Structure formats: C-alpha cells, structure tokens
Amino acid sequence: MSAAIIFVLLLVLMLTGMPISISLGLTVLTFLFTMTQVPIESVALKLFTGIEKFEIMAIPFFILAGNFLTHGGVARRMINFATSMVGHWYGGLGLGGVMACALFAAVSGSSPATVVAIGSILLPAMVKQGFPSKFGAGVITTSGALGILIPPSIVMVMYAVSTNTSVGALFMAGVVPGLMLAVFLGVTTWYRARKFGYPRQPRASWQQRAKAFRDSAWGLFLIVVVMGGIYTGIFTPTEAAAMSAVYAFFVAVFVYRDLSMKDVPKVLLNSANMSAMLLYIITNAVLFSFLLTHENIPQAMADFMIGTGVGVIGFLIMANILMLIAGNFMEPSSIVLILAPILFPIAIKLGIDPVHFGIIMVVNMEVGMCHPPVGLNLYVASGITKMGITELTVAVWPWLLSMLVFLVLVTYWPTMSLWLPRALDMM
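All values derive from a computational prediction rather than experimental measurement.

Enquirer: Describe the side chain of Thr142, naming the residues involved and giving the relevant values.
Expert: Tracing the backbone shows Thr142 in helix H8 (residues 133-143). Only 2.7 Å separates the side chain of Thr142 from the backbone oxygen of Gly138, close enough to count as a polar contact. When near neighbours in sequence (up to four residues on either side) are disregarded, Thr142 contacts Leu185, Cys370, Val396, Trp399, Leu400 and Met403.

Structure follows, in structure tokens:
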C-alpha cells in the first residue's frame, strides 16, 4: 500500500511538469510527515550523510574535464585522426565520426558533451562533402551516447554511489561493451553509406596518419592517465577525475592554446552549474532511497518477484522494458538514482552480478538518450543541425535498432562486461 502511495505521488508531481529532483524531495517529505513517525532530524541528517561519499567528488571533476576538452580543440584533432584512419571506407566521414565519438567518450564521461564537441565540427563538414544531413545527424546522435558507456562515465559513478558498487570495476567493465557498441554503430554506418553510395575520402598516407596522431596525442594520453592510473592503483577513480580536470586544463590552455585564460572562468561557471544540478538530483534521490528502505519496499518487491517464480531471464526482460519506458520521460541520472535502489536488491537476490547489472542499466540509458520525447542527445543534435525532433527521430532509427540488438546481447552475455575486470583481478 505504501509503495503504491509513494509511486503515485511521485508520478503526479512529475506530470505537473515539476523538476524531477523537487518531485523526489516533495514525495519523500509529504509521505514521511503525513504517514510515518520519522523525526525531522533524521531527514536532515540523511540529506548530509547521503552525499557524504568520496566517489561523488568524481562527478564535478569529470564534468570540468569534459568542458575544458569540449572548448579546447581536442575534439577537432581527434576527428582529424579518426578520419585519417577510416575515411577511405564507405561513408568515411561518418565512420570517422563514430571513431571520434568513441575516442572523445574516453576522455569526457558525458554523452551530450560528446555530441556537441564532435557534432558541431563534423556535421557541417559532412553536409559540405555531400552527405544528407539526416545521415550525419543519425551517426552523431547515437555515437555520442558512447560518452556514458566508454569510461570514464558520470552515469557509472552515480550507479556506484546508489548501489555501493566499485567504480573502478564498473569503468573496466565498460571498456569491451563500449568498443563493441562502437563497432555495431560503425557497421550500420558503413552498410548504409555503401547502400546509398555516399562519398569516401582519399586514402591518407601513413605520414598523414602519423601527423594526425601526433596532433591528437595530448588529448588521447588522457585515456592512459585515467584508465592506467586506476588499473595500476596509482590513484582511485575520484583522484583520476581530479587528475583529468587538471590535465585537460593544462592541454587546452598551455599545449593547444585553443582556450585563453580569460575563457577559463566561463568554463568553471558552466561546470559548477551542471555539477550543482546533478548533486541536487543526487541529494533528493538519496532521500527517496532512504524512504524506500525505511518502508522495506525493495526487499518486499524482491521477495514478491522471487515468489512468483520469475527467473533471471524474465527479470532482465522486465527490468529492460521498465528502464526503456523510463527513458521516455527522464534523463539518465534520474533514472539510475530512482530505479537502481528498487531493481538492484532483486538483481542481487537472483544472483545477477552487480557490475554486469550496472552495464545493462547504462546501455538502457544510452538508448533512452536517442529517442523522444526526452532524449538529451536528440535535443543537443537538434540545436546543432537545426532539424526538428520528429525529423531527427526518423534519422536515428537504423542506429537505434542496432543499439537495441546490442542491448539484448549485453543483457544475456555477462562475459562481455565481466571479462576485463576479472582478468585485471578487480572483482
């Protein structure tokens, strides 16, 4: 009964157009003060202790690093390197876009940032070369979603905070699925380009490729700094985030010099705004999780589902459908923070690995970012291409279909996610 009241109250508040963070907070406070005897002091205490986690500090640092890189010319050099490697194949610039998105994802941690950084440079170039704008928009909108699967990933940090899962293990678990999804999107791009006879670029010489690599090496080295530092144990994921922010600042301002010192305060302010928004959502989601636990709702739901005899396969189908539906109305941070405390206990009781379940959630978030009505990547791409959301939705469907096939693969083949962290002895 209490579960029904909580979820109906949350849904009603969200349908009024209220921001999700405030809807969560109001749901908790309304229920606690009208239907329980929980003292107000414990609510205030939970607000502070809930976000008193070292891992949360990684979020503002990764946002800052991504903003420095977006404004600092790193994306342009990555695109040049990617197109020099694959530009001579069918749909060369499109394939270069997929590869550039995968590379930029490995340094930014954010999908919208990847779409902005790569799309704003590549899309005009593709149209100029004779590609239909729909083709370019489809490639960049979906490939930009790699930003939350290829580590470092802000969404993975949020999942780790919600479920007490190792951030380092999640990061390593995202590497192989991230590369596999990039291959899926690349094959879709190549197939459609070959089918419709889209242009190819002249094959770059090895000297040109070497020069493009040297130009982009400072940006690419950040991948080594973050992933190498975590794997070797030199620093934790949170310390890696701080290192990446300092390194991105140094590269953007002093090495590439695409960002002047007078632009730095603006980047800092943008990062602070985005961080404050996410931390406010996290704070209210922690309260919501506290309410669910206090009312014993996740445990009751887990017992009910296991009592109905639903197995691992059935649960994963239901979880995927629920997350895909949520993707229609909410952005990834909110979905993870609301659904992880509910689904995670059931997954654990059914024997599903917490790291594998985290990757399943992240892939669902990727799909949600690429379809209406709330797909963040669609809105970002719409701003760049000046195309309507309906037109963009039609443009992305071939790549979205390949993402759904990949979702089924990653859901029922846990080895894809777990092989690397196990090989590195991180689990």
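This is not the end of the story, as more comes after the structure.
Enquirer: So what about the pattern of salt bridges? Which residues, and what values?
Expert: This model, assessed by the stated rule, comprises three salt bridges. In this structure, Arg76 engages Asp258 in a salt bridge whose closest nitrogen and oxygen atoms are separated by 3.9 Å. With Arg76 in helix H5 (residues 74-86) and Asp258 in the loop between helix H13 (237-255) and helix H14 (264-294), this residue pair connects regions lying 182 residues apart in the sequence. Taking the relative accessible area as the measure of exposure, Arg76 reaches 36% and is therefore partly exposed. In this structure, Arg77 and Asp258 form a salt bridge, with 2.8 Å as the shortest nitrogen-oxygen distance. Of this pair, Arg77 sits in helix H5 while Asp258 sits in the loop between H13 and H14, placing them 181 residues apart in sequence. Residue class for Arg77 comes out buried when judged on its relative accessible area of 15%. Residue class for Asp258 comes out partly exposed when judged on its relative accessible area of 32%. Each of Arg76, Arg77 and Asp258 takes part in salt bridges that share partners, so that together they form one network.

Enquirer: Just give me the short version of helix H12 (residues 206-232), but keep the residues and values in it.
Expert: Side chains that are three or four residues apart share a direction in an α-helix, a result of its 3.6 residues per turn. Here H12 spans only 32 Å end to end across 27 residues, well under the 39 Å set by a 1.5 Å rise per residue. The largest bend in H12 amounts to roughly 60 degrees and is located at Ala217. Every buried residue of H12 is accounted for by Arg209, Ala212, Ser216, Gly219, Leu220, Leu222, Val225, Val226, Met227, Gly229 and Ile230. Where H12 is buried, its residues touch helix H4 (58-71), H5, helix H6 (92-108), helix H10 (167-173), helix H11 (175-196) and H13. Positive phi shows up at Gly233, right after H12, with a value of about 80 degrees.

Enquirer: Can you tell me about unusual backbone geometry, naming the residues and giving the values?
Expert: Going from Pro151 to Pro152, the amide bond is cis rather than trans, its omega being 0 degrees. Of note in the backbone geometry, Arg257 takes a positive phi value of approximately 55 degrees without being a glycine. Examined against the element boundaries, Arg257 turns out to sit in the loop between H13 and H14. Arg257 sits in the exposed class, given a relative accessible area of 67%.

Enquirer: Give me the nonpolar core: which residues, what numbers.
Expert: Ranked by size, the top nonpolar core spans 148 residues in total, and within it Ile118, Phe315, Leu339 and Phe357 carry the most contacts. In terms of residue count, the dominant contributor to this core is H14 (twelve residues).

Enquirer: Before we move on, could you go through the packing of helix H17 (residues 332-349) against helix H18 (residues 354-368) and cite the residues and values that matter?
Expert: It is the contact of H17 with H18, at a shortest axis distance of 11 Å, that shows an interaxial angle of 145 degrees. Taken as a pair, H17 and H18 cross one another with a handedness that is right-handed. Seen from H17, the contacting residues are Pro332, Ile335, Val336, Leu339, Ala340, Leu343, Phe344, Ala347 and Ile348; seen from H18, they are Pro354, Phe357, Met361 and Met365. Its residues assigned to classes, the contact of H17 with H18 shows 13 nonpolar, no polar and no charged.

Enquirer: Give me the lowdown on a nonpolar patch on the surface, citing residues and values where you can.
Expert: A grouping of Ile313, Ile317, Ile321, Ile325, Phe329, Val408 and Tyr412 is seen on the molecular surface, where their side chains present a nonpolar patch of about 680 Å² in accessible area. When contributions to the nonpolar patch are tallied by element, the ones reaching two or more residues are helix H16 (312-326) and helix H20 (389-412). By residue number, the principal contributor to the nonpolar patch is H16, which donates four residues. Take Phe329: it is sitting in the loop between H16 and H17. Its relative accessible area of 54% is what places Phe329 among the exposed residues.

Calculation notes
Residues numbered from 1 in each chain as written. Predicted model: local features only at pLDDT ≥ 70, side-chain atom pairs only at ≥ 80, totals over all residues. Heavy atoms only, no water. Helix = DSSP H or I, 4+ residues; strand = E, 2+ residues; numbered from the N terminus. Polar contact = N/O pair within 3.5 Å; in protein donor to acceptor, adjacent residues only side chain to side chain. Contact = heavy atoms within 4.5 Å. Salt bridge = Lys/Arg side-chain N within 4 Å of Asp/Glu carboxyl O. Buried < 20%, exposed > 50% of the residue type's maximum accessible area, 1.4 Å probe, protein only. Expected span 1.5 Å × (residues − 1). Bend = angle between axes of the 7 residues up to and from the residue. Core = buried A, V, L, I, M, F, W, Y, C linked by side-chain atoms within 4.5 Å. Axes fitted to C-alpha atoms, helices over the stretch in contact; angles between N-to-C directions. Left-handed = near helix turned anticlockwise from the far one by under 90°. Nonpolar A, V, L, I, M, F, W, Y, C, P; charged D, E, K, R; others polar. Patch = residues over 30% accessible without salt bridge, like charges linked within 9 Å, V, L, I, M, F, W, Y side chains within 5 Å. Areas by Shrake-Rupley, 256 points an atom, 1.4 Å probe, with all protein chains shown as cover.

Spatial relationships are all this shows, so hold off on functional conclusions.
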